[in-house]
Amino acid sequence: MDKRTFKNKVYSELAGVVKAMSNPHRLEILELLAQGEYSVEGIADQTDLEIANASQHLQVLKRAQLVETRKEGTFVYYYLADQSVYKAWKSLRDLGMERIAEVERIVQSFRESKQGVESVSSKELAKRMQNKDVIVIDVRPEQEYKAGHIAGALNLPVEELKKELKNLSLDSEIVAYCRGPFCVFADEAVQMLAREGFTARRLHDGYPDWLLDGLPVE
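Only a predicted model underlies this, so the values are computations on that prediction, with no experimental measurement involved.

Enquirer: Quick rundown of the overall build of the protein chain? Include the residues and the values.
Expert: On a plain count of helices and strands, the protein chain comes out with eleven helices and eight strands. Each principal axis of the C-alpha atoms in the protein chain carries an extent, and together these give about 70 × 45 × 30 Å. Taking all contacts inside the protein chain whose residues are at least 6 apart in sequence as the whole, residues at least 24 apart take part in 64%. Counting every atom, the protein chain has about 12400 Å² of accessible surface; 51% of that belongs to carbon and sulfur.

Structure below.
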């Protein structure tokens, strides 16, 4: 094999991976699967896609070896092939937020529309948790919480949060987290908490980032 054939083959294979990720729905699916495995039906529900459409996107990701599957009865469950897939998605996300002004503008505009929801970094939260002066709540669906969560976090999905407010202390700051910086569950939770007189912020990143940083999880 000559060097040009070698390079063409290698870059073509790599381009196939990039092509598989070059779709907004597939990027959202990868972020979702970073939380834990999901059935096709579950993915369709979480991403507002038709089941057939979600299945097509998943097949593209599977052919690129970005996701794998397992069967349980009549259901097929998808999950990320390994942590390197999430690292690639995170690198793309961070690059976009750093280099594409429109991405940053969209995120900032959204947060401002939510009455200026403030964020806290993973490093700062980890320090606060050591001092035990903060309550951490995971506002993702229970299925994702059970697959893995920040150590000591309470699972209070947004739709259940209001009825649990009486069990939270007004004297402690609350930090809510969800799937990542583009996930809006935490923003909704912080807004609800603020209306009820709580001091609350959202974690800037999500559970997969916390896990990737080697911070305590359960």
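Enquirer: Tell me what's going on with the nonpolar core, and back it up with residues and numbers.
Expert: By size, the foremost hydrophobic cluster in this structure holds 24 residues, and its most contacted members are Leu33, Ile43 and Leu80. Only α1 (3-21), α2 (24-33), α3 (40-47), α4 (51-63), β3 (75-80) and α5 (83-99) provide two or more residues apiece to this core. Sorting elements by how many residues they give to this core places α2 first, with five residues. Core analysis: the second largest hydrophobic core is formed by 20 residues, Leu165, Leu168, Leu193 and Phe198 among them.

Enquirer: Got a sec to walk through the side chain of Asn23? Specific residues and values, please.
Expert: On the secondary structure map, Asn23 appears in the loop between α1 and α2. Of note is the side chain of Asn23, whose polar atom sits 2.8 Å from the backbone nitrogen of His25.

Enquirer: Before we move on, can you summarise the packing of α2 against α3 with the specific residues and values?
Expert: Closest axis-to-axis distance for the α2/α3 pair is 11 Å, and the angle between their directions is 115°. With respect to their mutual orientation, α2 and α3 come out roughly perpendicular. Like other packed secondary-structure pairs, α2 and α3 cross with a definite hand, here right-handed. Facing Glu28, Ile29, Leu32 and Leu33 of α2, the residues of α3 in contact are Ile43, Gln46 and Thr47.

Enquirer: Tell me what's going on with the pattern of salt bridges, and back it up with residues and numbers.
Expert: Enumeration according to the criterion identifies 15 salt bridges in this entry. For Asp205, the salt bridge goes to Arg93, with nearest N and O atoms at 3.6 Å. With Asp205 in the loop between β8 (200-203) and α11 (207-212) and Arg93 in helix α5, this residue pair connects regions lying 112 residues apart in the sequence. Across this residue pair, the class does not change: Asp205 and Arg93 are buried. Salt bridges here are not isolated pairs; linked through shared partners, they connect Lys90, Arg93, Asp94, Asp205 and Asp209.

Enquirer: Pulling in residues and values, what's your account of the sheet that holds strand β7 (residues 173-177)?
Expert: A sheet is described by the order of its strands in space; here five strands give the open sequence β4-β8-β7-β5-β6, paired in parallel fashion. Each edge of the sheet is formed by a strand with only one pairing partner; in this case those strands are β4 (119-120) and β6 (154-155). Seen against the sheet, helix α10 (residues 185-195) touches β5 (134-138), β7 and β8 and runs at an angle of roughly 170° to β8.

Enquirer: Tell me about the sheet that holds strand β2 (residues 67-72), residues and numbers included.
Expert: Pairing within the open sheet is antiparallel, and its three strands lie in the order β1-β3-β2. One side of each edge strand has no neighbouring strand; the edge strands of this open sheet are β1 (38-39) and β2. In this sheet, β3 lies alongside β1 in antiparallel orientation, the contact comprising two bridges. Counterpart to Tyr38 in the pairing with β3 is Tyr78. Relative to β3, α2 is tilted by about 90°, and along the sheet it contacts β1, β2 and β3. Across the sheet, α4 touches β2 and β3, and the angle it forms with β2 is around 120°.

Criteria and thresholds
- Residues numbered from 1 in each chain as written.
- Predicted model: local features only at pLDDT ≥ 70, side-chain atom pairs only at ≥ 80, totals over all residues.
- Heavy atoms only, no water.
- Helix = DSSP H or I, 4+ residues; strand = E, 2+ residues; numbered from the N terminus.
- Contact = heavy atoms within 4.5 Å.
- Areas by Shrake-Rupley, 256 points an atom, 1.4 Å probe, with all protein chains shown as cover.
- Core = buried A, V, L, I, M, F, W, Y, C linked by side-chain atoms within 4.5 Å.
- Buried < 20%, exposed > 50% of the residue type's maximum accessible area, 1.4 Å probe, protein only.
- Polar contact = N/O pair within 3.5 Å; in protein donor to acceptor, adjacent residues only side chain to side chain.
- Axes fitted to C-alpha atoms, helices over the stretch in contact; angles between N-to-C directions.
- Parallel < 35°, antiparallel > 145°, perpendicular 65-115°, else oblique.
- Left-handed = near helix turned anticlockwise from the far one by under 90°.
- Salt bridge = Lys/Arg side-chain N within 4 Å of Asp/Glu carboxyl O.
- Pairing = 2+ DSSP bridges.

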